[in-house]
Amino acid sequence: MRIPYTEYMRLSSLSGQHGQFLLLGLDQPMVLAQQLGLPLNTPEDRQQLEGIFQEIVSAYSSLTTGLVLTAELGYSALNKKSDGAGVVFCLERTLSEIDPLSIPILQTNWNIEAIRNNFALAKLALYAHAQEEELITKLELVNELSDSCRYEGIDFMLELRVVDGSRASDDDFQEQQLRLIRLFRTQAEALVLEYPRTALGCLSVTAQAQMPW
C-alpha cells in the first residue's frame, strides 16, 4: 500500500517504527564548513560542501527517521536519502551570521509553498527571551508562518533557543525556556529545544509542551 503524498508533510513521516525521532540535522552549513576548515567564499567551496552533504545523506539517512535540510546549500542531497527518511526544510537564512536579538531573516525564493511542493515539513529557528522588546514581533512572525503551514497542509516545527542561554544559571535557563514554551507551543506541531540541563527540567518541559520535542 502506497503512503499518500500528504503523509510526507506530517510529523508522522519523521518518526520510526516505535514512535521515536532521530533526525540528521544539515541545516547549519556554516557550522559544518567551519568544523571541516572549509571556507565558503567561492562557488567551488560551496560545491565541495554540497558534495559532502550528499555523501553524508547517502551514508547515514537509512539510520535516521528524518533529515533537516536548507535549500540554500544541500538541496541536492535530497536525491541521496533513503526512502524511509522524512524531510524538514528550514525557512530562515543559513549562510549568514545570526543575530539572536533580531527577527529571523527568511530565505528568498523559498517559502512554505515550495516546501510543500517538495513533500516536506517546515521549520523555523528562533532565538527569544521572554522580556525582550522584539518578542511581540517574533510571536507575530511565528503565528503567520504557522497559519501558512496550516493553509498549505503541512506540519510546522519551531526551534526555540533562549537568548544568551549558555550564560544563564540552570534555574534561570529553565525558567526562560518554560516561558517561551508556554508562549509558542500552540503555533507548532513539534518543538526543537536545547537540552533542559537536568532530568527534572526534561519532565517540566514535557509537561509544559504537551507535544513532541
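Please refer to the structure placed before this passage.
Residues numbered from 1 in each chain as written. Predicted model: local features only at pLDDT ≥ 70, side-chain atom pairs only at ≥ 80, totals over all residues. Heavy atoms only, no water.

Examining the overall build of the chain
Counting its regular elements, the chain contains six helices and six strands. Secondary structure elements of the chain, listed N to C terminal, follow the sequence β-α-α-β-β-α-β-α-β-α-β-α. On C-alpha atoms alone, the chain measures out to a radius of gyration of 17 Å, which is about the 17 Å that the 2.2 N^0.38 rule sets for 213 residues. Taken over 213 residues, the chain has a buried fraction of 46%. Total accessible area computed for the chain in this model is approximately 11,700 Å², and 50% of it derives from carbon and sulfur atoms. Distance between charge centroids for the chain: 4 Å, based on 16 positive and 28 negative side chains. (Helix = DSSP H or I, 4+ residues; strand = E, 2+ residues; numbered from the N terminus. Rg over C-alpha atoms; globule rule 2.2 N^0.38 Å. Buried < 20%, exposed > 50% of the residue type's maximum accessible area, 1.4 Å probe, protein only. Areas by Shrake-Rupley, 256 points an atom, 1.4 Å probe, with all protein chains shown as cover. Lys, Arg positive; Asp, Glu negative; His and termini not counted. Charge placed at Lys NZ, Arg CZ, Asp CG, Glu CD.)

Section: unusual backbone geometry
Despite not being glycine, D164 has its phi angle at roughly 55 degrees, a positive value. Among the structural elements, D164 can be located in the loop between β5 (156-162) and α5 (170-184). On the basis of relative accessible area, D164 is assigned to the partly exposed category, the value being 46%. At Q210, a position not held by glycine, the phi torsion is positive, near 55 degrees. Position of Q210 among the secondary structure elements: in the segment after α6 (199-209).

Some details on helix α2 (residues 43-60)
Working note: α-helix, 3.6 residues per turn, so residues spaced by three or four point in the same direction. The terminal C-alpha atoms of α2 lie 26 Å apart, and with 18 residues this matches the ideal 26 Å at 1.5 Å per residue to within 8%. Listed as buried for α2 are D45, L49, E50, F53, I56 and V57. The buried residues of α2 occupy an angular sector of 140 degrees when projected down its axis, which confines them to one face. Away from its buried face by more than 90 degrees, α2 exposes E44, Q47 and E55. Taken together, the buried residues of α2 touch β1 (23-25), α1 (29-35) and β2 (66-69). (Expected span 1.5 Å × (residues − 1). Arc of directions from axis to C-beta. Contact = heavy atoms within 4.5 Å.)

Here's the deal with the packing of aromatic side chains
Per the stated rule, a full pass over the model turns up three aromatic pairs. Measuring from ring centre to ring centre gives 6.2 Å for Y75 and W110, while their planes differ by 80 degrees; the resulting arrangement is edge-to-face. Here Y75, found in the loop between β2 and β3 (86-90), pairs with W110, found in the loop between β3 and α3 (112-117); they are 35 residues apart in sequence, far enough to count as distant. Here F89 and W110 contribute two aromatic rings whose centre-to-centre distance is 5.0 Å and whose plane-to-plane angle is 70 degrees, an arrangement assigned as edge-to-face. With F89 in strand β3 and W110 in the loop between β3 and α3, the pair connects residues that are 21 residues apart, well separated along the chain. Each member of the pair, F89 together with W110, is buried. One residue, R197, lies across the ring of F173, its end atom 4.3 Å from the ring centre. (Phe/Tyr/Trp six-rings, centres within 6.5 Å; stacked < 30°, edge-to-face > 60°. Lys NZ or Arg CZ within 6 Å of the ring centre and 35° of its normal.)

Here we look at the environment of E92
Note that E92 resides in the loop between β3 and α3. For E92, a relative accessible area of 7% translates into the label buried. Remark: the alpha-carbon pair of E92 and N111, spanning 19 residues in sequence, is separated by 9.6 Å. Ignoring any residue separated from it by four or fewer positions in sequence, one finds E92 in contact with E72, I105, L106, Q107, K123, L124 and A125. Within the structure, E92 has its side chain in polar contact with the backbone nitrogen of A125 (distance 3.2 Å). (Polar contact = N/O pair within 3.5 Å; in protein donor to acceptor, adjacent residues only side chain to side chain.)

Quick word on the state of the cysteines
Following the criterion strictly, the structure yields zero disulfides and no others. Note on C149: no disulfide assigned, nearest cysteine sulfur contributed by C90 at a separation of 13 Å. (Disulfide = S-S within 2.5 Å.)

Topic: the packing of α5 against α6
Contact geometry of α5 with α6 gives a least axis separation of 9 Å together with a crossing angle of 15 degrees. In terms of axis orientation, α5 runs roughly parallel to α6. As α5 packs across α6, the resulting crossing turns out to be right-handed. Judged by residue contacts, Q174, Q177, L178, I181 and R182 of α5 engage G201, S204, V205, Q208 and A209 from α6. For the contact of α5 with α6, the class distribution of residues is four nonpolar, five polar and one charged. (Axes fitted to C-alpha atoms, helices over the stretch in contact; angles between N-to-C directions. Parallel < 35°, antiparallel > 145°, perpendicular 65-115°, else oblique. Left-handed = near helix turned anticlockwise from the far one by under 90°. Nonpolar A, V, L, I, M, F, W, Y, C, P; charged D, E, K, R; others polar.)

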